[in-house]
Protein chains: 2
Amino acid sequence: MVESMRSVRTLGLLGTGVIGGGWAARALHFGMDVIAADVRPEMEDWIRGAVANAETALARLTSAPLPPKGTLTFTTDLEAMARRADFIQENIPEQLELKRRVLAEASRHAPADVVIASSTSGLMPSDLQRDMHSPQRFLVAHPFNPVYLLPLVELVGGRETSLRTLEAAHAFYTYIGMHPLRVRSEVPGHLTDRLQEALWREILHMVNDGVATTGELDESIVYGPGLRWAAMGTNLIYHLAGGETGMRHMLRQFGPCLKWPWTKLEAPELTEQLIDRMVEGTQAQAAGRSIRELERLRDDYLVAIQQVLRQFDIGAGSTLRALEERLYADSAAALGGADGDGAAVPGQPLKTLQAEVRPEWIDHNGRMAESRCVQVFGDAADALFRLAGINGADRSAGRAFFAVESHVIHHAPASALDSIFVTTQVLGVDDNGVHLFHSLKRRSDGRLIATGEQRYEYASASEGACAPIDTAVRARLDGIRAAHAKLRAPAQAGRHVVFPGT
Amino acid sequence: MVESMRSVRTLGLLGTGVIGGGWAARALHFGMDVIAADVRPEMEDWIRGAVANAETALARLTSAPLPPKGTLTFTTDLEAMARRADFIQENIPEQLELKRRVLAEASRHAPADVVIASSTSGLMPSDLQRDMHSPQRFLVAHPFNPVYLLPLVELVGGRETSLRTLEAAHAFYTYIGMHPLRVRSEVPGHLTDRLQEALWREILHMVNDGVATTGELDESIVYGPGLRWAAMGTNLIYHLAGGETGMRHMLRQFGPCLKWPWTKLEAPELTEQLIDRMVEGTQAQAAGRSIRELERLRDDYLVAIQQVLRQFDIGAGSTLRALEERLYADSAAALGGADGDGAAVPGQPLKTLQAEVRPEWIDHNGRMAESRCVQVFGDAADALFRLAGINGADRSAGRAFFAVESHVIHHAPASALDSIFVTTQVLGVDDNGVHLFHSLKRRSDGRLIATGEQRYEYASASEGACAPIDTAVRARLDGIRAAHAKLRAPAQAGRHVVFPGT
């Protein structure tokens with residue numbers, strides 16, 4: 001036994017498949033050097049490609065400052081790697097005898113203060129560490145694909161594993177941005193893969209029985225429970241579904257279903273002891289938060305995730321996109337948008353947007369972020385352009401208005417859940433662009449939150465960067481401009497950034 | 001049989017628990033009137049409260065224009081509801097005899113062109129429609145909690161159900177923003193609950209066997225597979241894990257594990273027919289997209305979801321937050337931030353930010369959105385303030401800089417994955433604020449994307465809205481300002497929005 005495990009600057013990898021490549025990318029990104037060992041020399045090109053691919057996603061994970069990237073070296077010599085690494089991660093095929101032999105060999109070359117971890121999906125650490133030198137420095141550390149993006153890593157010690165090893169591993173994985181989950185019992189499949197495997201085998205049964213296709217079964221998760229699972233597990237979700245008495249009520253209500261043939265997996269007997277464990281467990285997870293409070297948190301992330309997915313037009317995001325297209329079309333039809341300036345009322349600016357301040361719009365100072373004010377002004381301008389006849393087909397064809405300059409004054413803070421609206425005044429229209437003025441206000445008291453002045457220019461893919469506005473669109477904009485001509489010019493327009501001190 | 005089902009303006013609800021309340025909120029939000037029927041008069045207050053609660057989340061789902069909200073009425077008279085509704089949704093307790101009786105009664109009062117749907121989690125439509133009048137207009141339409149946010153609804157017809165009924169139901173649920181999933185076979189638990197139930201029973205076994213707590217089991221999903229399931233199901237995810245040959249390779253590699261005790265659920269025999277079905281199904285899902293292409297999509301949403309969750313400090317978002325705090329602290333230590341203007345180099349502006357343009361920053365015109373430029377300038381200003389000694393504790397205590405005015409010029413478009421950086425020049429410092437000028441450039445060619453001029457003011461919760469800058473912070477800002485004094489004044493500063501046409 002050694003006093004403590006060494007601090008890690010160089011990660012050694014045993015095996016370089018999809019999992020090894022993921023480990024390499026994550027460690028390099030957070031500043032570790034990596035030595036990858038594989039008996040197949042052709043894997044050097046492969047792992048360099050995998051790291052480069054992963055890096056395009058990793059580079060976007062955070063804009064926090066990063067240390068310089070680590071250096072990747074490749075070797076076919078296991079021993080050379082084991083002598084130089086400060087921490088070794090094994091990722092070779094899922095065969096007990098093979099893993100046991102390779103781990104034992106690595107342990108003969110690696111000093112005893114070097115942690116050796118296995119990425120095994122389901123083999124047990126006591127079985128793997130049997131033939132090792134200094135087996136106390138061995139553990140299972142099971143990651144998930146893509147390793148470079150998913151934070152979960154299950155840590156499982158075997159009979160010989162020391163607490164010091166588990167602590168050193170915990171610190172290392174945390175350093176490279178992961179969430180170590182300590183698994184207290186050695187069971188085949190650890191925790192996560194047991195749950196995934198139950199779901200997977202039920203899928204195989206249903207496809208085998210001809211009940212559904214793989215696509216239908218994926219949809220059955222992606223548009224429903226999958227959205228919840230992104231941030232709350234089944235237990236906490238069922239605790240919420242139970243209403244004010246939570247999990248206890250839920251088990252009373254759905255307990256009988258455990259006898260029904262809802263899956264080919266038989267449930268355990270729902271004893272009082274099991275009920276107590278489920279209730280105590282979920283109470284601990286709730287940590288004093290009420291069902292209502294947890295529901296709000298759940299609803300917040302469900303809304304925000306759907307908005308993110310909309311941007312990628314995938315799953316629930318596609319549903320939301322289709323809904324919005326229908327709503328915009330209905331609204332345009334109701335406003336008589338096709339007839340031109342149907343919504344322009346002489347004597348008042350257009351109401352171009354109505355929304356609620358979303359929790360994710362709040363910055364670390366607790367107020368609606370400046371960038372979100374600009375986003376809202378952009379949406380208001382879009383609403384105006386839509387009214388003037390610009391539609392999705394125009395955009396796809398490269399005909400659209402683009403912001404070239406803007407000036408924003410922040411008058412008062414807005415908070416999460418404030419109802420807000422934007423009015424827009426057309427200050428000018430010329431051959432190539434429009435000059436807009438927006439006021440963002442709170443609905444409850446009419447308070448002015450921010451004003452924005454913008455110049456947008458029209459561009460057409462066929463005519464180059466800046467082009468004359470389409471005639472029909474121009475006519476509608478002129479109509480709105482004429483309706484706005486009598487309005488008072490806003491005091492905030494035509495200003496530059498004022499700095500009293502200079 | 002009637003020619004066609006009627007168009008829906010009024011939704012009738014049978015039963016008003018959590019599910020009934022969710023249906024009411026969703027339908028009202030998208031402009032339907034709702035008549036809720038429940039034999040317990042006290043449920044009127046309950047459902048009105050549930051609708052109000054749901055509305056706070058629903059209001060944020062989309063900023064697209066909505067029709068006027070519908071009106072909610074409540075009655076204890078099932079018959080009155082059934083005579084007036086255009087579409088009836090049943091949500092009473094999960095008991096076959098009770099549901100059968102109530103559905104039969106509703107069917108005696110509702111005209112034959114009114115669809116009647118049951119929200120049952122697992123009962124089969126042929127069993128439920130047995131005693132109904134006009135049973136052809138009945139189907140199961142199984143939603144998920146919270147019904148007002150999750151788009152999934154499983155549609156299952158019974159032996160008597162007409163195709164016309166399924167089509168009318170499909171149109172109705174789509175109209176209120178949902179994703180109808182047609183289930184082609186009547187099986188207990190339909191599709192989704194079979195998969196959820198397999199996972200749930202495995203959880204109960206593990207808690208029962210003392211292997212893990214409910215909290216540990218939830219973590220085992222939330223930090224790993226749960227993030228993936230938000231937009232891709234197990235089948236497509238495993239197709240990706242199989243490398244270039246997809247599902248076929250995956251089944252070859254992990255097929256043997258189906259015999260291992262990774263769950264208490266036994267798998268079906270992995271016959272050639274089953275393998276072919278799994279491969280054909282996932283090929284259809286991939287729809288011609290390569291593994292690499294699907295991986296990029298998966299990585300994009302995994303990054304974006306983690307960033308959303310960070311804002312709520314939940315699950316993988318908490319992990320990301322903790323990582324960023326560590327990175328900021330390390331970076332400040334490396335820059336010698338505690339010694340003041342350690343990073344200010346006379347003769348050049350500060351490099352305050354380096355990032356990659358994220359796909360979700362791209363607007364519908366295909367370029368980095370204006371609001372994202374402003375967000376990046378805000379992050380750059382934050383980096384400067386952090387360097388000047390403002391930290392998280394200051395913010396929690398209400399001491400921070402807030403943007404009051406800004407002017408942005410967009411010089412050139414930026415595209416997804418462009419590497420960008422920001423330099424910041426301190427134009428002025430006075431007792432209450434700073435005057436900053438940022439340049440956002442592309443790294444590959446140094447091209448100027450946008451410039452931003454900002455005034456920030458300092459505020460302290462204890463001293464009111466605007467306060468003198470903390471002395472130590474002021475000294476550091478003055479130091480940076482002095483280092484920047486020799487720099488040329490930027491041509492874009494001091495300008496107002498220019499509009500040639502007015």
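Along each chain, numbering runs from 1 in the same order as the chain's sequence is written. Think of it this way: whatever chain is written first is A, whatever ligand is written first is 1, and the rest follow in order. Reporting of local features is limited, given that this is a predicted model, to residues whose pLDDT is at least 70; pairs of side-chain atoms are given and counted only at 80 or more, and all residues count toward the totals for whole chains, interfaces and linings.

### Here we look at the overall build of chain A
Helix numbering and strand numbering both begin at the N terminus, where a helix is a DSSP run of H or I of at least 4 residues and a strand a DSSP run of E of at least 2. Helices and strands together make up the secondary structure of chain A, namely 17 helices and 13 strands. With the C-alpha coordinates of chain A rotated into their principal frame, the extents come out at 90 × 60 × 55 Å. Counts of 20 or more other C-beta atoms within 10 Å of a residue's own C-beta define buried residues, counts of 12 or fewer define exposed ones, and intermediate counts define partly exposed ones; C-beta atoms are placed from the backbone. Expressed as a percentage of the 502 residues in chain A, the buried residues total 53%.

### Describing the packing of helix α10 (residues 234–241) of chain A against helix α11 (residues 246–254) of chain A
For any two helices packed against each other, the geometry comes down to the angle between their axes and how far apart the axes lie. All names here are of chain A. The interhelical angle for the contact between α10 and α11, taken along N-to-C directions, is 85°, at an axis separation of 7 Å. Here α11 runs roughly perpendicular to α10, going by the angle between their axes. Touching Tyr-238, His-239 and Ala-241 of α10 are Gly-246, Met-247 and Met-250, all from α11. For this classification, the nonpolar set comprises Ala, Val, Leu, Ile, Met, Phe, Trp, Tyr, Cys and Pro, the charged set comprises Asp, Glu, Lys and Arg, and every other residue, Gly included, is treated as polar. Per-class residue counts for the contact of α10 with α11 are four nonpolar, two polar and no charged. Note on method: axes are straight lines fitted to C-alpha atoms, helices fitted across the in-contact stretch only, with angles between N-to-C directions ranging 0 to 180 degrees. For classification purposes, an angle smaller than 35 degrees is called roughly parallel, one larger than 145 roughly antiparallel, one from 65 to 115 roughly perpendicular, and anything else oblique. What counts as a contact here is a pair of residues whose C-beta atoms, placed from the backbone, lie within 7 Å.

### Overview of the sheet that holds strand β13 (residues 448–459) of chain A
Only when DSSP finds a minimum of two bridges between them are two strands counted as paired. Pairing is antiparallel in the open sheet, where 10 strands are placed in the order β9(A)-β11(A)-β12(A)-β13(A)-β10(A)-β10(B)-β13(B)-β12(B)-β11(B)-β9(B). Strands at the two margins of the open sheet, each flanked by one partner only, are β9 (350–356) of chain A together with β9 (350–356) of chain B. Strand-to-strand twist of the sheet, defined as the mean angle between neighbouring strand axes without regard to direction, takes the value 25°. Where strand β12 (residues 433–442) of chain A and β13 of chain A come together, nine bridges link them in antiparallel fashion. Note that in β13 of chain A the partner of Val-434 of chain A across the bridge is Tyr-456 of chain A. Contacts from helix α15 (residues 370–387) of chain B reach β10 (400–410) of chain A together with β9, β10 (400–410), β11 (419–429), β12 (433–442) and β13 (448–459) of chain B within the one sheet, and its direction differs from that of β9 of chain B by about 135°.

### Examining the relation of the copies chain B and chain A
Least squares is the method used to superpose the copies, on C-alpha atoms of residues holding a pLDDT of at least 70 in both. Of the transformation superimposing chain B on chain A, the axial component is 0.0 Å and the angular component is 180°, with the fit at an RMSD of 0.1 Å. Given the turn and translation reported, the copies of this chain are related as if by a two-fold rotation axis. When the interface residues of chain B are mapped onto chain A, 100% of them again fall at the interface, so both copies present the same face.

### A look at unusual backbone geometry
Most peptide bonds are trans, and most residues other than glycine sit at a negative phi. Here the amide bond leading from Asn-145 of chain A into Pro-146 of chain A is cis, since omega sits at 0°, within 30 degrees of zero. Phi is positive for Ser-134 of chain B, close to 50°, though the residue is something other than glycine. With 20 C-beta atoms packed within 10 Å, Ser-134 of chain B lands in the buried category. Non-glycine residue His-190 of chain B carries a positive phi angle of around 50°. Relative to the assigned elements, His-190 of chain B resides in the loop between β8 (179–183) and α7 (192–208).

### Digging into the interface of chain B and chain A
Facing 157 residues of chain B, the contacting portion of chain A comprises 158 residues. The element best represented in the side of chain B that touches chain A is α7 of chain B, accounting for 17 residues. Here the side of chain B that touches chain A is composed, by residue class, of 82 nonpolar, 47 polar and 28 charged.

### Topic: the pairing of β12 of chain B
Residue and element names in this part refer to chain B. Counting buried residues in β12 gives nine out of 10 residues, a clear majority hidden from the surface. With nine bridges joining them, β11 and β12 adopt antiparallel strand pairing. Residue pairing in the sheet places Gln-425 in a bridge with Phe-437 of β12. Linking β11 back to β12 in an antiparallel pair, the connection comprises three residues. Counting the residues in the hairpin turn of β12 and β13 gives five residues, including Gly-446, whose phi is positive at 70°.

### Side note on the environment of Ser-185 of chain B
Mapped onto the fold, Ser-185 of chain B is located in the loop between β8 and α7. Residue classification places Ser-185 of chain B among the partly exposed residues on the basis of 13 C-beta atoms within 10 Å.

### What about the nonpolar core?
Note on terminology: a nonpolar core is any set of buried Ala, Val, Leu, Ile, Met, Phe, Trp, Tyr and Cys residues joined through C-beta atoms within 7 Å. Ranked by size, the top nonpolar core spans 209 residues in total, and within it Ala-24, Val-34, Ile-88 and Ile-305 of chain A together with Ala-24, Ile-88 and Ile-305 of chain B carry the most contacts. Residues contacting Ile-305 of chain A, with those up to four places away along its chain left out, are Leu-227 and Ala-230 of chain A together with Ala-230, Ile-305 and Val-308 of chain B. Counting 89 residues, the second largest nonpolar core, distinct from the first, contains Val-408 and Val-422 of chain A together with Leu-384 and Leu-387 of chain B.

### Some thoughts on helix α15 (residues 370–387) of chain A
Structural remark: α-helix, 3.6 residues per turn; residues separated by three or four positions point the same way. All names here are of chain A. To estimate the expected span of a helix, count its residues, drop one, and scale the result by 1.5 Å. When the terminal C-alpha atoms of α15 are compared, their 26 Å separation across 18 residues agrees well with the 26 Å that a helix rising 1.5 Å per residue should span. In terms of burial, α15 is largely enclosed, as 16 of its 18 residues are buried. Note on α15: the residue one or two positions beyond its end, Gly-389, has a positive phi of about 105°.

### Details of the sheet that holds strand β2 (residues 33–37) of chain A
Residue and element names in this part refer to chain A. Taken in spatial order, the eight strands of this open sheet run β3-β2-β1-β4-β5-β6-β7-β8, and their pairing is mixed. Edge strands, defined here as strands with exactly one partner in the open sheet, are β3 (72–75) and β8 (179–183). Mean inter-strand twist for the sheet, computed between neighbouring axes without regard to direction, equals 25°. Sitting on the sheet, helix α4 (residues 96–109) is in contact with β1 (10–14), β4 (87–90) and β5 (115–118), with an inclination near 165° to β5.

### Concerning the environment of Thr-352 of chain A
Residue and element names in this part refer to chain A. The residue Thr-352 is located in strand β9 in this model. Taking the number of C-beta atoms within 10 Å as the measure of exposure, Thr-352 has 24 and is therefore buried. Along the backbone, Thr-352 and Asp-470 are 118 residues apart, and their C-alpha atoms lie at a distance of 21 Å. The contact partners of Thr-352, leaving out residues within four places of it in the chain, are Ala-380, Ala-383, Leu-384, Val-422, Thr-423 and Thr-424.

### Side note on helix α17 (residues 471–484) of chain B
Taking 1.5 Å per residue, 14 residues should reach 20 Å; α17 of chain B reaches 20 Å between its end C-alpha atoms and fits that length. Considering only its buried residues, α17 of chain B is in contact with β9, β11 and β12 of chain B.

### Digging into the pairing of β10 of chain A
Among the 11 residues in β10 of chain A, 10 count as buried, and that is most of the element. Where β10 of chain A lies against β13 of chain A, 10 bridges are found, and the strand directions are antiparallel. Its bridge partner lying in β13 of chain A, Val-408 of chain A is registered against Gly-452 of chain A. One ladder, built from five bridges, connects β10 of chain A with β10 of chain B; its direction is antiparallel. In the sheet register, Ser-406 of chain A faces β10 of chain B, and the bridge partner there is Val-408 of chain B.

### Describing the confidence of the model for chain A
Residues and elements named next belong to chain A. The pLDDT averaged across chain A works out to 90; a share of 94% of its residues lies at or above 70. Confidence per residue, as judged by the predictor, is encoded in pLDDT with a range of 0 to 100. Contacts from residues 336–342, a stretch scored under 50 in pLDDT, to residues over four places away or in other chains number 12 contacts. Confidence estimates for the predicted assembly give a pTM of 0.83 and an ipTM of 0.83.

### Describing the packing of α11 of chain A against helix α12 (residues 272–286) of chain A
All names here are of chain A. Between α11 and α12, the least distance of the axes is 8 Å, while the angle of their chain directions is 145°. Note on packing geometry: the crossing formed by α11 with α12 is right-handed. Packed against α11, whose contacting residues are Gly-246, Met-247, Arg-248 and Leu-251, the element α12 presents Ile-275, Met-278, Val-279 and Thr-282 at the interface. Counted by class, the contact of α11 with α12 contains five nonpolar, two polar and one charged residues. In a left-handed crossing the near helix is turned counterclockwise from the far helix by less than a right angle, and in a right-handed crossing that turn is clockwise.

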